[in-house]
Every structure is written in C-alpha cells, then in structure tokens.
Amino acid sequence: QVQLVESGGGLVQAGGSLRLSCAASGRTFSSYAMGWFRQAPGKEREFVAAINWSGGRTYYRDSVKGRFTSSRDNAKKTVYLQMNSLTPVDPAVYYCAATAGWGTRAPSSRYEYDYWGQGTQVTVSS
C-alpha cells in the first residue's frame, strides 16, 4: 500500500514557477513509477508527466515539455514537479499517482495507476 499527499500548489502569475511535492508513505515506494495528472474545471483528467523508479526516465505531455520537470528523492519518499513558465492553460488540480508498472512505454493513462493523492490546486493569474 502507498499513500500519497500533494503539496506546493497555490497562486502564481503567468510566467512564474511553482514546485509541487508528493510525499509518500508505506512500503516499497522506490519500486514505483510515479505520475502527475491534472484536471481543470469541466475537463477530463489528463496526463502531465511520469518518472520511473530510479528517476532515469521521464515523459511529458507535449504542452509542458521544456517547462515542467519531474524528479524524485527515494530516500525522502518524495516526487517533485517543477513547473516553470506557467501559462493560463496550466491551472488545474494536480494529482500525483503511483504504479508498479512501466513496460515498454511510460504509463500515460490514468487507468494504469493504482494509488492517488487528493490533489493540490494550481492557479495562474494573467
């Protein structure tokens, strides 16, 4: 079992930065791949980023490539999402998730993840 708690959300001006954290508890955190998803009002939850167990592989949706960076510190049982150059298309509730599988491609579907946090709100002002 893995329990996840997101933090770091808030209000930032367009062009600014935020770093989200996802703290995990439970066993075998280091063996899980981690994902970030977001959901804006009236829209479906969408994939943002994924990182494998070692942090050596990352994958991002096209709209955040070059702006967002995912990393992890397994000793601290924490995964991060550094968000730079935030735009008005980025506001949403951001969720972290955990999956035991990676396979031949990065898991980018919400149905591939087994554990979810409660989410943290990111708001971007113009």
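What you see is a predicted model, and the numbers here were worked out from it, not measured in a lab. (Residues numbered from 1 in each chain as written. Predicted model: local features only at pLDDT ≥ 70, side-chain atom pairs only at ≥ 80, totals over all residues. Heavy atoms only, no water.)

(A) Just the side chain of Thr120, in detail. Relative to the assigned elements, Thr120 resides in strand β11 (residues 120-125). By relative accessible area, Thr120 is classed as buried at 10%. Beyond its immediate sequence surroundings of up to four residues, Thr120 is in contact with Glu6, Ser7, Gly8, Gly9, Leu20, Ala92, Val93 and Tyr94. (Helix = DSSP H or I, 4+ residues; strand = E, 2+ residues; numbered from the N terminus. Buried < 20%, exposed > 50% of the residue type's maximum accessible area, 1.4 Å probe, protein only. Contact = heavy atoms within 4.5 Å.)

(B) Quick peek at the sheet that holds strand β1 (residues 2-7). The four strands lie next to each other as β1-β3-β8-β7, forming an open sheet whose pairing is antiparallel. One side of each edge strand has no neighbouring strand; the edge strands of this open sheet are β1 and β7 (68-73). Averaged over all pairs of adjacent strands, the angle between strand axes in this sheet comes to 20 degrees, irrespective of strand direction. One ladder, built from six bridges, connects β1 with strand β3 (residues 18-26); its direction is antiparallel. Residue pairing for β3: Gln3 is matched across the bridge by Ser25. (Pairing = 2+ DSSP bridges. Axes fitted to C-alpha atoms, helices over the stretch in contact; angles between N-to-C directions.)

(C) Expanded view of the environment of Gln82. Checked against the element boundaries, Gln82 lands in strand β8 (residues 78-83). The sequence separation of Gln82 and Thr69 amounts to 13 residues, and the corresponding C-alpha distance is 5.1 Å. Non-local contacts of Gln82, meaning those with residues more than four positions away in its chain, are made with Ser17, Leu18, Arg19, Arg67, Phe68 and Thr69. A polar contact is formed between the side chain of Gln82 and the side chain of Asn84, at a distance of 3.0 Å. (Polar contact = N/O pair within 3.5 Å; in protein donor to acceptor, adjacent residues only side chain to side chain.)

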